[in-house]
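Structure assessment
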Amino acid sequence: MKAFATIARYLIDSTRDVANENGARDTGTEYYDAKTSPTGPTTFRRAAAAGAFPSFKVGRKLVARKADVDAWIATQTRTPKAKKQSGDDADAAFFASLQPRRPSR
């Protein structure tokens, strides 16, 4: 019985050492999934489905390399929204809309 306990302890310690070594080399920080992406989950999934950056599935997770996602984000530009009219321009537009229309012939 004592020999079995010694062997079991050795196997457990060896397995734990290997697991710790593999955990130190974990490459999970090099990839984004929908939850960790800076774009948000819906945008990440839609962009990946559209082929904006290479992605693949690991189990049920959709993942992509951080470098690819960050490069795609850098190419996206936002166009500013048109400003609402204010002041004299808004007043002129309002009064122009009140002018009677000429009957068409």
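**Some words on helix α2 (residues 41-50)**
Here α2 has its buried residues at F44, A47 and A48. Within α2, the buried residues cover an arc of 100° as seen down the axis, which keeps them to one side. Residues of α2 that are exposed and point over 90 degrees away from its buried face: R46, A49 and A50. Each element contacted by the buried residues of α2 is listed here: β1 (31-33), β3 (61-65) and α3 (66-75).

**Observations concerning a nonpolar patch on the surface**
Taken together, the side chains of I7, Y10 and L11 present a nonpolar region at the surface, about 350 Å² in accessible area. Structurally, L11 is set in helix α1 (residues 2-24).

**Details of the pattern of salt bridges**
Tallied over the full model, the rule gives two salt bridges. Here K61 ties to D33 by a salt bridge, and the two come within 3.4 Å at their closest N and O atoms. Of the two residues, K61 sits in strand β3 while D33 sits in strand β1, which places them 28 residues apart along the sequence. Accessibility expressed as a relative area gives 49% for K61, which makes it partly exposed. Given the relative accessible area of 9%, D33 is considered buried.

**Overview of the confidence of the model for the chain**
When pLDDT is averaged along the chain, the result is 80, and 75% of the positions lie at 70 or above. When mean pLDDT is compared element by element in the chain, α2 scores highest at 95, while helix α4 (residues 88-98) scores lowest at 69. Below a pLDDT of 50 lies the segment residues 23-27, which in the model reaches zero contacts outside its immediate sequence neighbourhood of four places, other chains included.

**Considering the sheet that holds β3**
Note on sheets: strands pair through backbone hydrogen bonds, and any given pair is parallel or antiparallel. Reading across the sheet, the three strands line up as β1-β3-β2 and stay open at both edges, with antiparallel pairing between neighbours. Edge positions in the sheet fall to β1 and β2 (56-58), since each of these pairs with one other strand and no more. Neighbour to neighbour, the strand axes of the sheet diverge by 45° on average, direction disregarded. The pairing of β2 with β3 spans three bridges and is classified as antiparallel. Bridge pairing links V58 to K61 in β3.

**Remarks on the pairing of β3**
Inspection of the sheet shows β1 paired to β3 by three bridges, in the antiparallel sense. For D33, the partnering residue across the bridge sits in β3 and is V63. Here β2 folds back onto β3 in antiparallel fashion, the turn holding two residues, of which G59 has a positive phi close to 70°.

Cut-off values and rules
Residues numbered from 1 in each chain as written. Predicted model: local features only at pLDDT ≥ 70, side-chain atom pairs only at ≥ 80, totals over all residues. Heavy atoms only, no water. Buried < 20%, exposed > 50% of the residue type's maximum accessible area, 1.4 Å probe, protein only. Helix = DSSP H or I, 4+ residues; strand = E, 2+ residues; numbered from the N terminus. Arc of directions from axis to C-beta. Contact = heavy atoms within 4.5 Å. Patch = residues over 30% accessible without salt bridge, like charges linked within 9 Å, V, L, I, M, F, W, Y side chains within 5 Å. Areas by Shrake-Rupley, 256 points an atom, 1.4 Å probe, with all protein chains shown as cover. Salt bridge = Lys/Arg side-chain N within 4 Å of Asp/Glu carboxyl O. pLDDT = per-residue confidence, 0-100. Pairing = 2+ DSSP bridges. Axes fitted to C-alpha atoms, helices over the stretch in contact; angles between N-to-C directions.

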